[in-house]
Amino acid sequence: MAGGWAKDGAVEEQIEASIRDELARLKARRTPQGESLTHCADCDEPIPEARRQALPGVKLCIDCQTERDSAYRPRGGINRRGSKDSQLK
Ligand SMILES: [Zn+2]
């Protein structure tokens, strides 16, 4: 029985690691690395402390980031994985 438990744990760890990896990749792609700004680079609005801590290197306020994100996102049901790949090239 003990072996079975250990196996389950290992699989879960692997899944968790790959999720963390993917999240880190998404974050790195969405926000520039470096120091968080206290004010938005676009509109000079103050960036809330919680946002700066949640997104290290954040340069935009929520409004500007949302605008930027929606500009990136193709409208309609385009395959997410496909668009992700094309952005990386
Ligand atoms: Zn802004």
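This one's a predicted model, so the numbers in the text were calculated from it and none came from an experiment.

What to know about the overall build of the protein chain
- When helices and strands are counted, the protein chain shows 4 helices and 0 strands.
- Sequence-ordered secondary structure for the protein chain, helices as α and strands as β, is α-α-α-α.
- A buried classification covers 16% of the 89 residues belonging to the protein chain.
- In the protein chain, the proportion of contacts linking residues at least 24 apart, taken out of those at least 6 apart, comes to 30%.
- Put simply, the protein chain shows about 7500 Å² of open surface, and 54% of that area lies on carbon and sulfur atoms.

Side note on the nonpolar core
- With 6 residues, the main nonpolar core is built from Cys40, Ile47, Val58, Leu60, Cys61 and Cys64.
- The contacts of Ile47, once residues within four sequence positions are left out, are Leu37, Thr38, His39, Cys40, Arg52, Val58, Lys59, Leu60 and Cys61.

A few points about the coordination of the zinc ion
- Every protein donor of the zinc ion is accounted for by Cys40 (SG), Cys43 (SG), Cys61 (SG) and Cys64 (SG), and the metal-donor separations fall at 2.3 Å.
- The site at the zinc ion holds 4 donor atoms, and with the angles between them running 105 to 117 degrees, its shape is tetrahedral.
- Written as a sequence motif, the donor arrangement for the zinc ion is C-x2-C-x17-C-x2-C.
- A relative accessible area of 2% places Cys40 in the buried class.
- According to the relative accessible area criterion, Cys43 is partly exposed, its value standing at 38%.

Concerning a nonpolar patch on the surface
- Together, Val11, Ile15, Ile19 and Leu23 make up a nonpolar patch on the protein surface, roughly 360 Å² of accessible area in all.
- Its location among the elements puts Val11 in helix α1 (residues 2-30).

Observations regarding the pattern of salt bridges
- According to the stated counting rule, one finds 5 salt bridges in the structure shown.
- For the salt bridge of Arg20 with Glu16, the shortest nitrogen-to-oxygen distance reads 3.3 Å. In this pair, Arg20 and Glu16 are both assigned in helix α1, 4 residues apart and thus about one turn of the helix distant.
- Judged by its relative accessible area of 47%, Glu16 falls in the partly exposed class.
- Connected via shared salt-bridge partners are Asp21, Glu22 and Arg25.

So, how was this worked out
- Residues numbered from 1 in each chain as written.
- Predicted model: local features only at pLDDT ≥ 70, side-chain atom pairs only at ≥ 80, totals over all residues.
- Heavy atoms only, no water.
- Helix = DSSP H or I, 4+ residues; strand = E, 2+ residues; numbered from the N terminus.
- Buried < 20%, exposed > 50% of the residue type's maximum accessible area, 1.4 Å probe, protein only.
- Contact = heavy atoms within 4.5 Å.
- Areas by Shrake-Rupley, 256 points an atom, 1.4 Å probe, with all protein chains shown as cover.
- Core = buried A, V, L, I, M, F, W, Y, C linked by side-chain atoms within 4.5 Å.
- Donors = N, O, S within 2.8 Å, 3.2 Å for Na, K, Ca; no water.
- Tetrahedral: all angles 85-135°; square planar, octahedral: opposite > 155°, others 65-115°.
- Patch = residues over 30% accessible without salt bridge, like charges linked within 9 Å, V, L, I, M, F, W, Y side chains within 5 Å.
- Salt bridge = Lys/Arg side-chain N within 4 Å of Asp/Glu carboxyl O.

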